[in-house]
Each structure stands twice: as C-alpha cells, then as structure tokens.
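Coordinate analysis (summary)
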Amino acid sequence: MADFIKPLTEPLKLKSSMPVGPLRDTVIFPGNSVPIISGRPKSKAALDLAWNSDKLIVFVTQKNSRIEDPTEKDLYKVGTVCLIRRVVKNPEGEYTLQAEGIARVFLKSFIRTDLFLEAEIEEIPELYEKSEQTEALVRTVREQVKRFLELGGNPFFDQSNFANWSLFTYSDDPNQLVNSITQAIDFKTIDKQQILEMISAQERLQRLSELLAKEIRILEISQKISSQTQQRVSKMTKEAILREQMKSIEEELGGGDTEHQEIKEFELKIKKCGMPKQVLERARKELGRLAKMSSYNPEAGYIRNYLEWLTELPWKLSKNGKIDLKIAEGILEEDHYGLKKVKERIVEYLAVHKLAGKMRGPILCFVGPPGVGKTSIGKSIARALNRKFVKISLGGIRDEAEIRGHRRTYVGSMPGRIIQGIKQAGTPNPVFMLDEIDKIGSDYRGDPSAALLEALDPEQNEGFSDHYLEVPYDLSNVMFITTANILDTIPPALKDRLEVIRYAGYTEDEKFHIAKKFLIPKQVENHGLKKDQIEFEDDTIHEIIRGYTREAGVRNLERELSAVIRKVARKIAEDDGSLKQFKITCKDIHSFLGPIKFLPVLAEKEDDIGMATGLSVTEAGGEVLFIEVTLMPGKGGLLLTGQLGDVMKESGQAAMSYVRSNWAELGLSEKFFQKVDVHVHVPEGAIPKDGPSAGIALTSAIISAFTKIAIKKEVAMTGEVTLRGRVLEIGGLKEKVLAAHRAGVKTVIAPFDNKKDMEDIPDYVRKDLNFVFVKHMDEVLNVALVKSPQLSKQKEIPLTPAYLA
C-alpha cells in the first residue's frame, strides 16, 4: 500500500480542459470532502494524470450505475472539480482517495475518450441575490434540518468536514448551505444531481426544502409506527408481569395456579373418558406441550381447543338395557304405517344384536320419492333401538372438509360433520342419518362422496380418520342411515357400500290410513283445536286423496288437510265457542279447496287408434304416460317429440323397425311406410322422459296407427322390446303398478320375468287389477288391441329378390 499526501501551497486555477472521473451513485458538491474508491482502468488513468499535475479532476455522476465503461452520453453534463487530498493504492490495484469539491462545472465537450476521459469545461459561478425570500428559505431549511435530526435522521458525512456540517447554520452563503446539507443527507442520486445542476440559489433552496419535507414526513410515520409497536410490546410485557403477580397473590391466598388447575382438569378428563391407547398417548403429548407453554402464546389456544374435542368425544360404549323385540316393533308400527321391509330389517338387526351381543352397524339406504317418510322413520328407528338420533343434510355439500374436517394448520379449523354429530349425540353408537346423499356435489375443494367411502364401509370405519383429530375414531357401532330420491347420481363405489331398501310410494288405502292415524291428529293439534271439535268422514278423506293430490308421498295430502282444518279453525274462532263440533263432508271439500285438481279417470274416454298407455318411474314415483301416434303424408320418416331422452328415442326407432320387419304378420302391405311419416308424441312436453320400459307401448301405438285397430283404454303396459319382438324385464314394477292403480287402469301388461316382483304389491291392488305377463309382442297385441290384426304364417311370406332387397 502506498500513501501520498501533498498539501495545497497556492491558489487553484481552473484550466479549460481537465481529466474526467465517472462516479456511480455519488454526487460531490463544492466545499465537501468525500472518500472515493476507484478501480476502473480509465478512472485510474485520469487520477494518475491529475495527481502528477495540479491534483484537479472533474467528477461526474453516471446516469446508469450498471454501465462498466461509460461514454459521453452515459454521463450528466454538470460535475464538480475536485482537489485530490490523498491517494492510497491498495494491493488489489484499487485507488482509495479523499476528494474535496472546489467548483461546479459544465462539460462542454469531450476531447479524449481512449485511455481516459478528458473534457473541456466551463465553471458555474456560485451567485445569489440577497432578498427576503432567500432569507425565508434559508431559515425554513435550517428549521427542517433541526426537525430532521430531532426525529432521528442520520446525516452522512466524513469526519474531515464534520466542522462544516456542525456550523452550517452560521453560513451566510445559501449555496454553501445547500451544498453541505444535500451532501450530508441520503437523498436519491437523481435528486442530488438536480440540485447540483440548478443555477439560482432560490430554486436550489426551494428544491432542498421539498426534499427535506418529504424525509420529515417519512420519519414521522416511521416514528408513529415504532411508537405503536412499542406500546403493544409494553402492554404485553405489562400483562405478563401482572399475570405473574396474580399467580403469586393466588398462591399466597391458597387459590393455587390457574394454569396448573387447567392442566389437572385436562388430566382428569383424559383419565375418565376411556380413550384407546393410541389416542391416550396423543392426548398426553399435547397436554405436555400445553403445560410448557405460556398462557399468552397463540398456539396454546389451538392446543386447548384440540384437547377439549378429544376429551368431550364419547369413547366408551355404554351398556344398553335388555332388548325387547316386541316393544321395538310396536314403536315402529306406532309411528309409521306400512313400510313393511324397513320395519322387518330393523327388527332383524335387533334380533341378531340380542343373540350375538355385538354387531357392526348396518349401512342402510332408503331410496324413494319425496314425502314417503324416509327421513322421519330415522327418528322412529332410534327410538325403537333406544339410541340417540343425529341427522345431517348432505344436499349441496361440495367441500370434502365438511366430512373429514380441516387440518389444524388452518385458523378456525374444526372436525368434520360426522365427528361433530357424534359429539352432539354424546354416545359412540347413535342412529346417524345422512340425508339427501344423492345430491352431494364436487368441485376444486374435493369430492365429499369419496370422503364418505371410509365412514360408510363396515370393514374400515372402525378406524375412521378425521383431518382435525388426526387419530382414529371407531364408527363401527354407529347405525348409518342414508336417504336418496334416485340411485343414478350416487357413485358406484359408494353405492356398493349401501344396503338399499326401496320405497315404492303409498297406495290410496295406505294414504287413507296415514291421514286418519297421523296427519289429521297432527294438524288438528297444530291449529289449536281439540280432537272432538273436528271430524272427517272417510269418504271425504278419499275425495281429497283422489281429487286434490297425485303423488307417491303424503306431503301434498298434508297441505290439503291443513288447508281444510284452517278453514274450520276460522269458523270455530268466529263463532266464539258456540260451534262445538264441525263434521267435514264431501260437499264442504269443494268450498274449502276449490274445484277438483285431478280427475280420477284415464285421459282417454274411449278406445282409440294410435293411443297407448305406458308406465314409467320418476323421482316423484310412478307415472302414467300417454303415447300418441299419428300418420301423415311423407317419405317414411319417424318424428319423436315430447322431450324424450336418447334411450326412449332409440326405443321408438326399435319399435318402428319391428313393425317394418313384421309387415306381413301384421297384415300390412310390403311398402306400407314409404309414403307416410310417423309422428310419435308423449304429452306433457315440459317434463323430461327417458328409459326403455315404454318399448311395448310405443310398438303397440305404432301398430294400432297402421292397422287402424284401436287400443283398449283400460290397458296400461310396460316393458322393453327387442327387434325380434321379445319383451324384456324392467325395473320399478311396484311404482308403476301403483301409478296405474291411481289412474283407474284395469289391466296391466308386464314382462314375464317381472312376475317375481308381484310379492311387493299390496293384496288389494292385485285384486283390483288384472295382470298379464308376456314374453313376446304378439301376446301384447292380443291383449291390448280390441281385435287381433290379420296374421299370416312366416313360411307363407314369399322370399323374392325384391323382398330380400
């Protein structure tokens, strides 16, 4: 290292040209001493030239500090002539020097740019005009600097010019005041360069005042934020000290430590609740963490909430009393009319439980139309089993966390709906109803139906894992009951875990008994009446069922009964007690409910050509379909209307193909279809219809239209037809038969393979209807048509080349 110090012995004179040294992010003002480190070749060459001559060099700031070898266009036009006071050459080859600003200069042009930069210069005089405005600006700047220092602002200066900074308030030269302050405070480089280039002292003072005002605002905001933070910290410290003092006071008074009391309470709860070994270890581990934590640690609240969930969940199975099958069966009969299969399944479960002592809870799925009692029977099952009842509705749920819970890392996390239901029940073996399981959705947050797979699998649910608990919970003792309107929307994997019990809907006789035994007493009580104040005739109830409702369940029936009872309640209230009893007859029904809404007869008054009655199943139960076929001039086309689904349209096409291929057997001409179009329409076009079970009805209607033979109006039919005329098995026979019975049909044609399903149909319905089970379309036509078409034997059909074509 070499250190060269040469004192100044004579006044400085500026030459017309001088070497130029580019600076990065540094601006030097006259009257200030600044340390500089230089390592670029051209800069060192310029310093060597200046050091070996008059020690003067022009330092100019670069516009872009990242440029390594700046040219004339990369430098500002105004710089500062500096006197090099000292130079130290480091072993790495860099120069460390002390430069003192002498005067501001304007760079007119560069005369050398090869080995180093050299430019012609013109000095900028430091002039100012004494005026009141200048004096006011000077005083403002001085006050601002004082305020800057009071707020903790730190000026940057070299110790060699500390005296200049400390005495700046006594300077009479406003330019020197601006130079000293701007050099010392860490303004942006572009702002410093702007002040350096200004000529007018007033403008320089004005700009400096604006920059100081901005810095003061920033410091005030920082100080405010710091003060608020300090207050919060002081408050927390104060609270911590007060808590410790409270502990000491409580110990002196014998009250004990509140935190230790809480830990002891958790220890006692953990011992009492009978957790499995794995859960017990987890609970004790979390309790140990809580005991080591400060009470004002935010995580302590999360652990406390977690331990409360663990200790409040029922882990031990309480001993149930002796099971009495007769009492359980009586409770089921008392609450619900009909539903024979459901009641049998519950009694069977109780019987096996009584003999085996312990049995995994079944996973039942009640499927049927709305209003048939799927949800309400859950409470009756719980009462019959002497268990708690829990119900959650799954309709519209799209988040998997609703089932399995949120992980504890999330703020406000909690267990899923299943664990919440178990806690609500307070027992590990409730009757748990999952309502509307067919209406679960899924989106980017997961698939809730997939989360149910573990809970509803008897082989896996003894170790159900909730994301919040993170320990296994035994659900094998829970009796899960799910409800749905249709099975189609339930995923196959979930459907496979369910024991499906179908609700076919109620017959008129069942609705009558339900209304008389359950609905009327319930509505009478709800309307503030007594049993002896109102009486329904049996014929009146039948009239309401036939004329004002057409549904598989009894919800609309209950609404209509409620409307009637409201009218009676008003009459009794208006008579001030003089009317002691009101007997409702069929005549009263028309005045109370208006005209009949549903005619209890078929749509067709007489046998008609091209009109067949089919049967179908919807979410609301069985329905009657009226299929119309008409012929019109055309080119053999087939038009299907009535908002039919793809499967039903294909059934129509298959029916047409069967008719065309059996033209001879049906007594038709060979080219009977070439000059006509066939239009098949199913009324009530606003309602979507689909499925293959209308096949024989479509075929019969088309044959009737071509043969001009009418179809019997009292015959309804259901069955899938093949191209060869075979009639295939269909589903939902009971629902369809009940719909036919409600509509007043006398004869039902069904596939032969559905004969086994007759066991599910009530006896009185079987007595009212005539059932014909068929294997082939020929048998259908013999029953459905008023007379048989002209049949000819297959062997008599001439197999000519034209026919084969």
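What counts as what
Residues numbered from 1 in each chain as written. Predicted model: local features only at pLDDT ≥ 70, side-chain atom pairs only at ≥ 80, totals over all residues. Heavy atoms only, no water. Helix = DSSP H or I, 4+ residues; strand = E, 2+ residues; numbered from the N terminus. Contact = heavy atoms within 4.5 Å. Areas by Shrake-Rupley, 256 points an atom, 1.4 Å probe, with all protein chains shown as cover. Pairing = 2+ DSSP bridges. 1 Å grid on protein atoms, 1.4 Å probe; cavity = no way out; pocket = protein on both sides within 12 Å on 5 of 7 lines; lining within 4 Å. Points joined across faces, edges and corners; volume = space filled by probe spheres on them. Nonpolar A, V, L, I, M, F, W, Y, C, P; charged D, E, K, R; others polar. Phe/Tyr/Trp six-rings, centres within 6.5 Å; stacked < 30°, edge-to-face > 60°. Buried < 20%, exposed > 50% of the residue type's maximum accessible area, 1.4 Å probe, protein only. Lys NZ or Arg CZ within 6 Å of the ring centre and 35° of its normal. Salt bridge = Lys/Arg side-chain N within 4 Å of Asp/Glu carboxyl O. Patch = residues over 30% accessible without salt bridge, like charges linked within 9 Å, V, L, I, M, F, W, Y side chains within 5 Å. Lys, Arg positive; Asp, Glu negative; His and termini not counted. Charge placed at Lys NZ, Arg CZ, Asp CG, Glu CD. Axes fitted to C-alpha atoms, helices over the stretch in contact; angles between N-to-C directions. Polar contact = N/O pair within 3.5 Å; in protein donor to acceptor, adjacent residues only side chain to side chain. pLDDT = per-residue confidence, 0-100. Parallel < 35°, antiparallel > 145°, perpendicular 65-115°, else oblique. Left-handed = near helix turned anticlockwise from the far one by under 90°.

Let's shift gears to the overall build of the protein chain. Across its full length, the protein chain holds 26 helices and 25 strands. Taking as baseline every contact in the protein chain between residues at least 6 positions apart, the subset at least 24 positions apart corresponds to 74%. Only carbon and sulfur atoms are counted for the fraction: they give 51% of the accessible area of the protein chain, which is about 42,100 Å².

Turning our attention to the pairing of strand β7 (residues 117-124). The sheet contact formed by strand β2 (residues 17-23) and β7 spans 4 bridges and is antiparallel. Counted as the bridge partner of M18 is A119 from β7. With 7 bridges connecting them, strand β6 (residues 95-112) and β7 associate as antiparallel partners. Looking at β7, one finds that R104 is bridged to I124.

Turning to the layout of surface pockets, a few remarks are in order. One number sums up the size of the second largest pocket: a volume of about 620 Å³. Forming the walls of the second largest pocket are 25 residues, and the residues nearest its centre are H336, V372, G373, S376 and V554. Those elements that place two or more of their residues in the lining of the second largest pocket are α10 (325-335), α12 (376-385), α17 (508-526) and α19 (555-574). Looking at the lining of the second largest pocket, the element that brings in the most residues is α17, giving 4 residues. Class assignment of the residues belonging to the lining of the second largest pocket gives a composition of 8 nonpolar, 8 polar and 9 charged.

What follows concerns the packing of aromatic side chains. Inspection of the entire model under this criterion finds 8 aromatic pairs. Taking the centre distance of 6.3 Å and the plane angle of 35° together, the rings of F582 and F592 count as tilted. Linking F582 in strand β16 (residues 582-584) with F592 in helix α20 (residues 586-593), this pair joins segments that are 10 residues apart in sequence. A relative accessible area of 12% places F592 in the buried class. Counting every residue linked through ring pairs, the aromatic cluster contains F672, F673 and F706. Of note, K44 hangs over the ring of Y95, and the distance from its end group to the ring centre comes to 6.0 Å.

Our next topic: the pattern of salt bridges. For the structure on display, the rule yields 35 salt bridges. Of the charged contacts in the structure, one is a salt bridge between E220 and R147, with a shortest N-O distance of 3.5 Å. You can see E220 sitting in helix α6 (residues 201-253) and its partner R147 sitting in helix α2 (residues 132-150), a full 73 residues away along the chain. K583 is the partner of E537 in a salt bridge, and the nearest nitrogen-oxygen pair spans 4.0 Å. Taken together, the residues E537 in the loop between β15 (534-536) and α18 (538-548) and K583 in strand β16 connect sequence positions 46 residues apart. Owing to a relative accessible area of 45%, K583 belongs among the partly exposed residues under this scheme. What you see here is one network of salt bridges that share partners, running through R282, E286, R289, E299, R408 and E470.

Counting buried positions over the 11 residues of helix α23 (residues 733-743) gives 9, a clear majority of the element. Residues of α23 that are buried: L733, E735, K736, V737, L738, A739, A740, H741 and A743. Within two residues after α23, G744 carries a phi angle of roughly 90°, on the positive side.

Below, the discussion takes up a negative patch on the surface. The grouping of E606, D607, D608, E628 and E714 at the surface amounts to a negative patch. Relative to the helices and strands, E714 is located in the loop between α22 (695-707) and β21 (715-717).

With that settled, the discussion passes to the sheet that holds strand β8 (residues 363-367). Here 5 strands make up an open sheet; going across it, the order is β9-β10-β13-β8-β14 and the pairing parallel. Looking along the sheet, the strands with just one partner apiece sit at the ends: β9 (389-393) and β14 (499-502). Averaged over all neighbouring strand pairs, the angle between strand axes comes to 20°, with direction disregarded. Pairing of strand β10 (residues 431-435) with strand β13 (residues 479-484), which is carried by 4 bridges, proceeds in the parallel orientation.

Before going further, it helps to spend a moment on the side chain of T718. Looking at where T718 falls in the secondary structure, it is placed in the loop between β21 and β22 (720-721). For T718, a relative accessible area of 1% corresponds to the buried category. Within the structure, T718 has its side chain in polar contact with the side chain of K736 (distance 3.2 Å). With residues near it in sequence (within four places) discarded, T718 still touches L615, S693, I696, I730, L733, K736, I749, A750 and P751.

Let us look at the confidence of the model for the protein chain. Per-residue confidence for the protein chain gives a mean pLDDT of 82, with 90% of residues at or over 70. Model confidence for the protein chain, summarised as mean pLDDT per element, is weakest for helix α26 (residues 801-804) at 30 and strongest for strand β24 (residues 747-751) at 93. A low-confidence stretch, residues 1-9 (pLDDT under 50), is modelled with 21 contacts involving residues beyond four sequence positions or located in other chains. Low pLDDT, under 50, characterises residues 158-163; the stretch is placed with 8 contacts to residues that sit more than four places away or in other chains.

Our focus in this paragraph is the packing of α18 against α19. The geometry of α18 relative to α19 is characterised by a closest axis approach of 10 Å and an angle of 125° between their N-to-C directions. Between α18 and α19, the angle is such that the two are oblique. Read as a crossing pair, α18 and α19 show a hand that is right-handed. Listed contacts from α19 to I544, I545 and Y548 of α18 are L557, E560, L561 and V564. Grouping the constituent residues of the contact of α18 with α19 by class yields 6 nonpolar, no polar and 1 charged.

Only one face of β9 is covered, namely the one carrying V390 and I392; the face carrying F389, K391 and S393 has none of its residues buried. Where β9 and β10 come together, 5 bridges link them in parallel fashion. Each residue of the ladder has a partner; that of V390, found in β10, is F432.

Below, the discussion takes up the packing of α10 against helix α11 (residues 340-356). It is the contact of α10 with α11, at a shortest axis distance of 10 Å, that shows an interaxial angle of 160°. When the axes of α10 and α11 are compared, the pair comes out roughly antiparallel. Here the hand of the crossing between α10 and α11 comes out right-handed. Of α11, the residues touching α10 (which contributes L325, A328, E329, L332 and E333) are K343, I346, V347, L350 and A351. Partitioned by chemical class, the residues of the contact of α10 with α11 number 7 nonpolar, no polar and 3 charged.

We now examine the side chain of D191. In this fold, D191 is placed in helix α5 (residues 189-197). Filtering out sequence-adjacent residues up to four positions away, D191 remains in contact with R207 and L211.

A word on the environment of F536. For F536, the position within the fold is in strand β15. Spatially, the C-alpha atom of F536 lies 8.4 Å from that of K516, the residues being 20 residues apart in sequence. Once residues within four sequence positions are removed from consideration, F536 is found in contact with I520, I541, I544, L561, V564, I565 and I584.

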